[in-house]
Amino acid sequence: MQADQMEHINNQAREWFTLMQSGSASEVEKLELQEWLQASSAHQQAYGDYELIWQDLGNLHAKEIAALKRSVKPSFVEILQNGVAAFFSGLRNFTLSSQRGIAFASVAILIAGALFFVLQPEKLVTQDFATATGEIKHFTLEDGSEITLGAKSELKAWATTKERHVVLLQGQAFFKVAKNPQRPFWVDAGATKIRVVGTQFDVRRGSDRTRVAVLEGIVNVSNAESSKSSNLSPVVLTAGQQVTRLNAGKFEAVNSISVSELESWRNGRLIYLRASLADVVADANRYFSNSITLGSKDLADLKVTAAVSTNQIDALADMLASSLPVEIQKDSQNNILIKSRNDNLPKK
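Engineer: Report on the overall build of the protein chain, specifying residues and quantitative values.
Structural biologist: What the protein chain contains, in helices and strands, is nine helices and 18 strands. Counting every position in the protein chain, which comprises 348 residues, the buried fraction comes to 43%. Surface accessibility of the protein chain: about 18400 Å² in total, with carbon and sulfur atoms responsible for 50%.

Printed below as a string of structure tokens:
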């Protein structure tokens, strides 16, 4: 691994460890840490090194700890100038190997920063939102941004004085972001990351793909940092454009989307213009009390042009059967299986 990559990972590990030790980490941030750790053994090693050093600090005498805590009461600049110097001075009383001494030295700023975070934590505003099957709700975030959350969807939001964050855990959401160039607005949807400062856009996260579509403004869509596809180039979308990405895969070609298609689901109607059958089924399952499944992955990319009210999703399957080379099977619980018509042809 190259030196600059290792330095970047160490910096990330230090930031994560500082946050976890502060005691102010949200549940969403804890989940994000687990995703980051699972993404690479190098992440685990770097984070583990900080854990070991922190454990060793438990051997410090109470006098040194008290002195360090007193040093972080002034500003953070004073910590770096005075508190860290006092910390290094205290370390001279310990008999350490040169390697461990270097490790302690490298973590000095981390410890001072962690204590500063404990004593003077930045206030985090967190909000959780969810909807049931067939339910659409409207929410307003602390900064005035508005969210329309589609059926059977879930997201978590939090903000600091510098940034605003949303994690779309599942389903679909339309965002009308309050403009604030000083506080970027981020949306994480699995391996896909979206950044704006004020605009209107739609994010749909399914089980195997994520779609981002823009109604107004400019949206930057990129690869989430924890994903393995770290060299994936970002995509810039403007009004009337959309992009789809298979989970952890490449972005598909940018294409256009109509205003009516973008607005329809918020008005109780689903409109599709050459949409993939996989997307149509994923949407339908959020409004259907039972389940609709595809009998074969080969059906996923079939193109669908259709319109249906969200309160009449049970009629969608028959509509698909009349326009696509598929047939519908229903069980006693009204669960629907969509199969290729060729599946039932006799084998030669």
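Engineer: Now, about the environment of V177: what can you tell me, with residues and values included?
Structural biologist: Along the polypeptide, V177 turns up in the loop between β5 (164–176) and β6 (185–189). Taking the relative accessible area as the measure of exposure, V177 reaches 7% and is therefore buried. Counting along the chain gives 37 residues from V177 to T140, while the straight-line C-alpha distance between them is 9.9 Å. Residues within four places of V177 in sequence aside, it is in contact with S145, R164, F185, V196, V197, G198, T199 and F201.

Engineer: Explain the pattern of salt bridges residue by residue, including any values.
Structural biologist: Inspection of every chain in the model, using the stated rule, returns twelve salt bridges. The salt bridge involving E135 is made with K137; its shortest N-O contact spans 3.7 Å. Among the residues examined, E135 registers a relative accessible area of 28% and is labelled partly exposed. Between D208 and R209 there is a salt bridge, and its shortest N-O distance comes to 3.5 Å.

Engineer: With reference to specific residues and values, describe the side chain of S340.
Structural biologist: By secondary structure assignment, the location of S340 is in strand β18 (residues 336–340). Excluding residues within four positions of it along the chain, S340 makes contact with L299, P325 and V326.

Engineer: Break down helix α2 (residues 27–38) for me, with residues and values.
Structural biologist: Quick reminder: α-helices carry 3.6 residues per turn. Residues three or four places apart thus point the same way. Between its first and last C-alpha, α2 extends 17 Å over twelve residues, near the 16 Å set by a 1.5 Å rise per residue. All of the buried residues along α2 are V28, E29, L33, W36 and L37.

Engineer: Describe the nonpolar core, naming the residues involved and giving the relevant values.
Structural biologist: Grouped together as the largest cluster of nonpolar side chains are 29 residues, with contacts concentrated most on L270, L277, I292, V304, I313, L320 and I338. At four residues, helix α8 (residues 277–285) tops the list of elements feeding residues into this core. Beyond its immediate chain neighbours, meaning those up to four positions away, I292 contacts V281, A284, N285, I313, I336 and I338. Of all hydrophobic cores here, the second largest spans 27 residues; its members include F139, A173, V212 and L237.

Engineer: How would you summarise the environment of T305 if you had to cite specific residues and measurements?
Structural biologist: Topologically, T305 is positioned in strand β16 (residues 303–309). Here the alpha-carbon distance between T305 and L273, two residues 32 residues apart in the chain, equals 4.5 Å. Leave out the neighbours within four places in its chain, and T305 touches Y272, L273 and R274.

Engineer: Which residues make up the sheet that holds strand β17 (residues 326–330), and what values do they have?
Structural biologist: Reading across the sheet, the three strands line up as β15-β18-β17 and stay open at both edges, with mixed pairing between neighbours. In this open sheet, the two edge strands, each paired with only one partner strand, are β15 (292–294) and β17. Averaged over neighbouring strand pairs, the angle between their axes works out to 25° when direction is ignored. By the bridge criterion, three bridges tie β15 to β18 in an arrangement that is parallel. Within the sheet, the bridge partner assigned to I292 lies in β18 and is I336. α8 rests against β15 and β18 of the sheet, and its axis sits at about 160° to β15. Contacts from helix α9 (residues 316–323) reach β17 and β18 within the one sheet, and its direction differs from that of β17 by about 150°.

Rules behind the numbers
- As a convention, each chain's residues are numbered from 1 in the sequence order in which they are written.
- Only residues with pLDDT of at least 70 get local features here, since the model is predicted, and only at 80 or more are side-chain atom pairs given and counted; chain-wide, interface and lining totals rely on the full set of residues.
- To obtain the side-chain values, all non-hydrogen atoms of the structure were included, while hydrogens and water were left out.
- The helix and strand labels rest on DSSP assignments: H or I over at least four residues marks a helix, E over at least two residues marks a strand, and numbering proceeds from the N terminus.
- Burial here depends on accessible area, computed with a 1.4 Å probe over protein chains only, as a share of the maximum for the residue type. Under 20% is buried, over 50% is exposed, and the range in between is partly exposed.
- Surface accessibility follows the Shrake-Rupley procedure with a 1.4 Å probe radius. Residue values consider only the protein chains on display as shielding.
- Throughout, a residue-residue contact means that at least one pair of heavy atoms, one from each residue, lies within 4.5 Å.
- When a carboxyl oxygen of Asp or Glu lies within 4 Å of a side-chain nitrogen of Lys or Arg, that pair is called a salt bridge.
- By this rule the span expected of a helix is its residue count minus one, scaled by 1.5 Å.
- Take the buried Ala, Val, Leu, Ile, Met, Phe, Trp, Tyr and Cys residues and link them wherever side-chain atoms come within 4.5 Å; each set so joined is a nonpolar core.
- Only when DSSP finds a minimum of two bridges between them are two strands counted as paired.
- Angles here are taken between N-to-C directions and fall from 0 to 180 degrees, while the axes themselves are lines fitted to C-alpha atoms, restricted in helices to the stretch in contact.

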